[in-house]
Amino acid sequence: MQINYTRRGKGKPLLLIHGLGGSWQSWRPVLDALMAERSVVAIDLPGFGKSPPLAGRVTLDGLAEAVAGFLHMRNLSGIDAVGSSLGARLVLELARRGGVLGAVVALSPSGFWTGLHRHSYLGAVW
């Protein structure tokens with residue numbers, strides 16, 4: 001799986017994963033501040049920005065597998081990560097699996113609704 005990304009700055013690597021409808025460029029307002037301390041790796045999730053979509057049905061598990069594969073291929077397993085919305089849900093999933101990420105920050109993670117809210121979200125996203 002090809003994932004478009006940018007890597008900028010110096011220091012310990014930090015992965016940034018955007019939310020639904022975004023791209024790595026969603027992080028532009030904070031990139032300079034983060035790059036002062038870290039080597040920032042900001043990705044376009046599959047189907048967003050310049051990354052091609054996943055084949056078949058898109059699921060959280062499929063997105064997590066694509067990100068884990070990207071990290072493994074670039075020797076970035078164990079990288080600290082920050083995610084926003086859908087990206088936050090992904091960093092939590094990858095942290096749950098163990099060994100994929102280091103420390104994580106999840107900003108407003110999606111996917112924890114119940115009842116009608118859950119059905120509305122899933123209908124709009126998947």
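In case you missed it, the structure is sitting above this.
Residues numbered from 1 in each chain as written. Predicted model: local features only at pLDDT ≥ 70, side-chain atom pairs only at ≥ 80, totals over all residues. Heavy atoms only, no water.

## A few points about the sheet that holds strand E1 (residues 5-8)
Going by this rule: A pair of strands is treated as paired once DSSP finds two or more bridges between them. Strands are runs of DSSP state E lasting at least two residues, helices are runs of H or I lasting at least four, and both sets are numbered from the N terminus onward. Angles shown run from 0 to 180 degrees and are taken between the N-to-C directions of axes, each axis being a line fitted to C-alpha atoms and, for helices, limited to the stretch in contact. Two residues qualify as a contact provided that any one of their heavy atoms is within 4.5 Å of a heavy atom in the partner residue.
With respect to topology, five strands assemble into an open sheet ordered E1-E3-E2-E4-E5, the strand pairing being mixed. Bordering the open sheet on either side are E1 and strand E5 (101-107), each of which pairs with just one other strand. Averaged over all neighbouring strand pairs, the angle between strand axes comes to 20 degrees, with direction disregarded. Running at roughly 150 degrees to E5, helix H3 (residues 86-97) makes contact with strand E2 (13-17), strand E4 (79-84) and E5 of the sheet.

## Observations concerning helix H2 (residues 60-73)
Spelled out, the test is: Helix span is expected to be 1.5 Å times the residue number reduced by one. Relative accessibility under 20% of the residue-type maximum defines a buried residue, over 50% an exposed one, and the middle range a partly exposed one, all with a 1.4 Å probe and only protein chains included.
The terminal C-alpha atoms of H2, which comprises 14 residues, lie 20 Å apart, in line with the 20 Å expected from a rise of 1.5 Å per residue. Buried residues of H2: Leu60, Leu63, Ala64, Ala66, Val67, Ala68, Phe70 and Leu71, and no others. Elements that come into contact with the buried residues of H2 comprise E1, E2, strand E3 (39-43), E4, H3 and E5. Directly after H2, the chain includes Asn75, whose backbone phi takes a positive value near 55 degrees.

## A look at the pattern of salt bridges
Two side chains of opposite charge can pair, provided their charged atoms sit close to one another. For clarity, the threshold we go by: By definition, a salt bridge exists where a carboxyl oxygen of Asp or Glu is found within 4 Å of a side-chain nitrogen of Lys or Arg.
Using the criterion set out here, one finds six salt bridges in the structure. Between Asp61 and Arg97 there is a salt bridge, with the nearest N and O atoms lying 2.4 Å from each other. Highlighted residues: Asp61 in helix H2 and Arg97 in helix H3, separated in sequence by 36 residues. The exposure class assigned to Asp61 is partly exposed, which follows from its relative accessible area of 45%. Taking the relative accessible area as the measure of exposure, Arg97 reaches 25% and is therefore partly exposed. Among the ionic pairs, Glu93 bridges to Arg97, the shortest N-O distance being 2.9 Å. Here Arg97 and Glu93 lie together in helix H3, a separation of four residues that amounts to about one turn.

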